[in-house]
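Take a look at the letters that make up each chain.
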Amino acid sequence: MDIFSLFHISKTHILSRFKQSMIAALGVTFGIATFIILVSFMTGLNGLLDGLILDRTPHIHLFNEIAPSKSQPIDLLANASTDWNIIRSIKPKQKQIRIHNALPIMATIKEHPDVLGVTAQVSSQAFYTAGAIELNGLIQGVNILEENRLFNLGSYIIEGNIYDLHTNDNAIILGAGVADKLNSKLGDRIQLVSAKGNRVTLKVVGIYQSGLAEIDNIQSYANIKTVQLLMGEKNNFITDINIKLHDMTKALPMSKTFEQIYDLSAIDIGTANAQFETGTTIRNIITYAVSITLLIVAGFGIYNILNMFIYEKMNDIAILKATGFSGRDVMIIFISQAIIIGLVGGILGLLVGYGLSVVIDNIPFVTDALPTIKTYPVNFDISYYIIGIVFAMVSTFLAGYLPAKKAKDMDPVIILRGQ
Amino acid sequence: MKRTSIIRAENINKHFKDAMNFHVLKDITFDIKQGEFVSIMGKSGCGKSTLLYILSTMDTAYTGNLYLLDKLVSKTSQNELTRIRNEHIGFVFQFHYLLPEFTVLENVMFPAIKLAKKSKQEIEHDAIETLRMLDIEKIALNKSSKISGGEKQRVAIARALINKPNIIMGDEPTGNLDSKNADNVLSIFKQLTKEIGLTLLIVTHDLEFAQQTDRIITMGDGRIISE
């Protein structure tokens, strides 16, 4: 039997029962749309939360830690290890806070194939002065463009522009809390006094809000050169090196290596944010669990509706077989109906899912933690749409295939006798 | 001249095994020749419909041998059987069993389209001819769910005739019709045997109907009682 006559039969079946066909298709639509909306929204929120910490935290942070020396002079003494050595009241070792040979170290690290980028920081205690008042604070000297490229600093600038800082060595980006307390706006000038008494006047070119009040109340950003000047140090004075890797999971072993090679303290992102990483893992597990559950539920829904749709036509299957249609013909007729319904319902599901995702994406969501985020985050990853449509097709195919397969091998009389 | 055998049954036995073993058909053996108009009679539950379904190849769960045109069909595959039904057997049910979404014409044409021995135009022409013979050509384009019961039964007969089968089988084809329509169907059958030498095998419990046929096979308790 030519395929067009079979398709003509399935077309007539679908169109003459338009309402039922639409309900079956809407069942598919509902399942797929729900899957897409929930997965897009959940992964969007996860991405937001990850971005909150992971984006702005260096994967490896190198610095000089002020700490007691791990090996005390007595350890050098022969056979000291067999005895009990008790040293009381150990004091931290006198050590520079600057990283020795920072610039060559950075150049070497930058060559490493796993490293995405390296930034230098000079951080210093300072006082913001406004009239007679001196506010205690912390100023970070950074290369603002690199900092933005690697750690998204720009997302936290609520007023002003990072390029104004880049082009002006006498500029500062104030923490939001500091700006409030000093009552200073963009374009104002403020004075900074270092612990040693050096004094610089800087123009406010931006306001920075991280969302963590204790940081926003004290911290500000300026160019490295500016802070070095404030501290009265030379241009090789670097206190921190921040490294971002291509692959975050390599942070721990690489931090150990760098620690050994350069004789510095190194903290990797996993250690620095241990509880956060647990949170990320748990959120990911929840996302997987929810999406798999949704797919299973949607799959069963689709299967049920279509199964009913086909079983209602069992009588027709018997008639077709009694009048000489082969099992294969019957299968083609009913599977093609299932596939058409799956395709129509699935595509509608993608459209509805996308539409509602766009709606969610436009619902206002204001949080102090992320000044640049104005609406709820939604992940419009194309792969969810592909999973959705493939799943719709597979489940509708099975829902059509299994009853059709059963009908194919059945004596038509078994169906007729059951009437 | 010895007439060819259309359907021959040899020692057909069937059991229903649903709740308990029930021996429905016991050693059924008979032969139907070309051009015969045969009716099978019997009380309800004596197995006559079951026998008919086996003879029509729509039921394959039995033991014994069934020959169609002297060829053994008992052991053939489902696919082969549907092809045989399509080409050689026309079937008329007690309930008309048309495809309700399609027009009368389409319902009649489907078995021929499936057989694919003629072009669509020829099939359509044949279908309209058959409908005209049964005096229902004016409803050819109606939806088959929107015609009367008597008309439906005649459409079912037209569908059974479209491939010019060797035999038409009917399971109480008049059982659901009033006497006027029943007479009508009967006269159509008689006309068909006379005009085109068609073989007919009809299950009925209507004695009046049966008496008009060439040969009556009476069944009781799963056996053929008399011929």
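Residues numbered from 1 in each chain as written. Chains lettered and ligands numbered in written order. Predicted model: local features only at pLDDT ≥ 70, side-chain atom pairs only at ≥ 80, totals over all residues. Heavy atoms only, no water.

For the rest of this paragraph, the subject is the layout of surface pockets. Estimated volume of the largest pocket: approximately 800 Å³. In terms of lining residues, the largest pocket is bounded by 29 residues, among which R56, T57, P58, Q140 and I215 of chain A are the most central. Its residues assigned to classes, the lining of the largest pocket shows 14 nonpolar, 10 polar and five charged. Here the second largest pocket defines a volume of roughly 460 Å³. What lines the second largest pocket is a set of 22 residues, and nearest its centre among them are R417 of chain A together with S49, Y53, Q94 and D171 of chain B. Elements that contribute at least two residues to the lining of the second largest pocket include exactly helix 15 (412-417) of chain A together with strand 2 (22-33) and helix 1 (48-55) of chain B. At four residues, helix 1 of chain B tops the list of elements feeding residues into the lining of the second largest pocket. When the residues that make up the lining of the second largest pocket are grouped by side-chain class, the tally is nine nonpolar, eight polar and five charged. (1 Å grid on protein atoms, 1.4 Å probe; cavity = no way out; pocket = protein on both sides within 12 Å on 5 of 7 lines; lining within 4 Å. Points joined across faces, edges and corners; volume = space filled by probe spheres on them. Nonpolar A, V, L, I, M, F, W, Y, C, P; charged D, E, K, R; others polar. Helix = DSSP H or I, 4+ residues; strand = E, 2+ residues; numbered from the N terminus.)

Turning our attention to the packing of aromatic side chains. Across all of its chains, the model carries 12 aromatic pairs over all chains by this definition. Summarising the aromatic geometry, the rings of F325 of chain A and F110 of chain B are spaced 6.1 Å apart at their centres and angled 80° between planes, so their arrangement reads as edge-to-face. Here F110 of chain B lies in helix 3 (residues 104-115) and F325 of chain A lies in the loop between helix 12 (314-322) and helix 13 (327-361), a pairing that spans two chains. Each of the two residues, F325 of chain A as well as F110 of chain B, counts as buried. Aromatic pair F365 of chain A and Y376 of chain A: ring centres 4.5 Å apart, planes at 25°, arrangement stacked. Taken together, the residues span a long stretch of sequence, with F365 of chain A in the loop between helix 13 and helix 14 (382-408) and Y376 of chain A in the loop between helix 13 and helix 14 at a distance of 11 residues. For Y376 of chain A, a relative accessible area of 27% translates into the label partly exposed. Members of the aromatic cluster, connected to one another through ring pairs, are F41, F365 and Y376 of chain A. (Phe/Tyr/Trp six-rings, centres within 6.5 Å; stacked < 30°, edge-to-face > 60°. Buried < 20%, exposed > 50% of the residue type's maximum accessible area, 1.4 Å probe, protein only.)

Moving on to the packing of helix 2 (residues 18-55) of chain A against helix 14 of chain A. All names here are of chain A. Two elements in contact, helix 2 and helix 14, have axes whose closest approach is 10 Å; the angle formed by their N-to-C orientations is 155°. Of the possible angle classes, the one that applies to helix 2 and helix 14 is roughly antiparallel. Of the two elements, helix 2 crosses helix 14, and the hand of that crossing is right-handed. On helix 14, the residues that touch V28, I32, F35, I36, V39, S40 and T43 of helix 2 are Y384, Y385, I387, G388, F391, A392 and T396. Taken together, the residues of the contact of helix 2 with helix 14 break down into 10 nonpolar, four polar and no charged. (Axes fitted to C-alpha atoms, helices over the stretch in contact; angles between N-to-C directions. Parallel < 35°, antiparallel > 145°, perpendicular 65-115°, else oblique. Left-handed = near helix turned anticlockwise from the far one by under 90°. Contact = heavy atoms within 4.5 Å.)

Residue and element names in this part refer to chain A. With six of eight residues buried, helix 8 (residues 224-231) lies mostly within the body of the structure. Restricting attention to buried positions, one finds in helix 8 the residues I224, T226, V227, Q228, L230 and M231. Here the buried face of helix 8 lies against strand 2 (115-130), strand 3 (133-142), strand 6 (189-194), strand 7 (199-208) and strand 8 (219-223).

Now for the packing of helix 3 of chain B against helix 5 (residues 149-161) of chain B. All names here are of chain B. Where helix 3 contacts helix 5, the two axes come as close as 7 Å, and the packing angle between them is 30°. The angle between the axes of helix 3 and helix 5 places the two elements in the roughly parallel class. The crossing of helix 3 and helix 5 is right-handed. The segment helix 3 lies against helix 5, with V104, N107, V108 and P111 engaging V155, A158 and R159. When the residues that make up the contact of helix 3 with helix 5 are grouped by side-chain class, the tally is five nonpolar, one polar and one charged.

All names here are of chain A. Topologically, R283 is positioned in helix 11 (residues 274-311). A distance of 3.2 Å separates polar atoms of two side chains, one belonging to R283 and the other to N46. Residue contacts for R283: discarding those within four places in its chain leaves N46, L49, D50 and F276. (Polar contact = N/O pair within 3.5 Å; in protein donor to acceptor, adjacent residues only side chain to side chain.)

The pairing of strands in a sheet happens through backbone hydrogen bonds and is either parallel or antiparallel. All names here are of chain B. With respect to topology, six strands assemble into an open sheet ordered 6-7-8-3-9-10, the strand pairing being mixed. Single-partner strands in this sheet number two, and they are strand 6 (89-92) and strand 10 (223-226). Neighbour to neighbour, the strand axes of the sheet diverge by 25° on average, direction disregarded. With four bridges connecting them, strand 6 and strand 7 (residues 167-171) associate as parallel partners. For I89, the partnering residue across the bridge sits in strand 7 and is I167. Each of strand 6 and strand 7 is contacted by helix 2 (residues 78-88), which is oriented at about 80° to strand 6, the strand it contacts most. Strands strand 3 (37-42) and strand 8 (199-203) of the sheet are contacted by helix 6 (residues 179-196), whose axis makes an angle of about 140° with strand 3. (Pairing = 2+ DSSP bridges.)

Here we come to the interface of chain A and chain B. Every contact between the two is made by 31 residues of chain A and, on the other side, 27 residues of chain B. Taken together, the two surfaces of chain A and chain B that pack against each other cover about 2400 Å², and 60% of this comes from carbon and sulfur. The interface formed by chain A and chain B holds two salt bridges in total. Here K114 of chain B makes a salt bridge to D329 of chain A, at a shortest N to O gap of 2.4 Å. Across the chain A-chain B interface, the total number found is five residue pairs in polar contact (both at pLDDT 80 or more). (Buried area = accessible area lost by both parts, 1.4 Å probe. Salt bridge = Lys/Arg side-chain N within 4 Å of Asp/Glu carboxyl O.)

Quick look at the sheet that holds strand 2 of chain B now. Residue and element names in this part refer to chain B. Spatially, four strands are ordered 2-1-4-5 in an open sheet, and the strand pairing comes out antiparallel. The open sheet has two edge strands, strand 2 and strand 5 (71-72), and neither has a second partner. Pairing of strand 1 (residues 5-16) with strand 4 (residues 63-68) involves five bridges; the strand directions are antiparallel. By the bridge assignment for strand 4, I7 is matched with L68. Running at roughly 55° to strand 2, helix 1 makes contact with strand 1, strand 2 and strand 4 of the sheet.

Our next topic: the nonpolar core. Within soluble globular proteins, side chains that are nonpolar tend to cluster in buried spots. Judged by nonpolar contacts, the single largest core of 94 residues is most densely connected at L55, M169, F189 and L201 of chain B. The greatest single-element share of this core, amounting to seven residues, is contributed by helix 3 of chain B. Contact partners of M169 of chain B, with chain neighbours within four places excluded, come to I7, L52, L55, S56, I89, G90, F91, V92 and L201 of chain B. Core analysis: the second largest hydrophobic core is formed by 46 residues, L135, L230, M231 and L264 of chain A among them. (Core = buried A, V, L, I, M, F, W, Y, C linked by side-chain atoms within 4.5 Å.)

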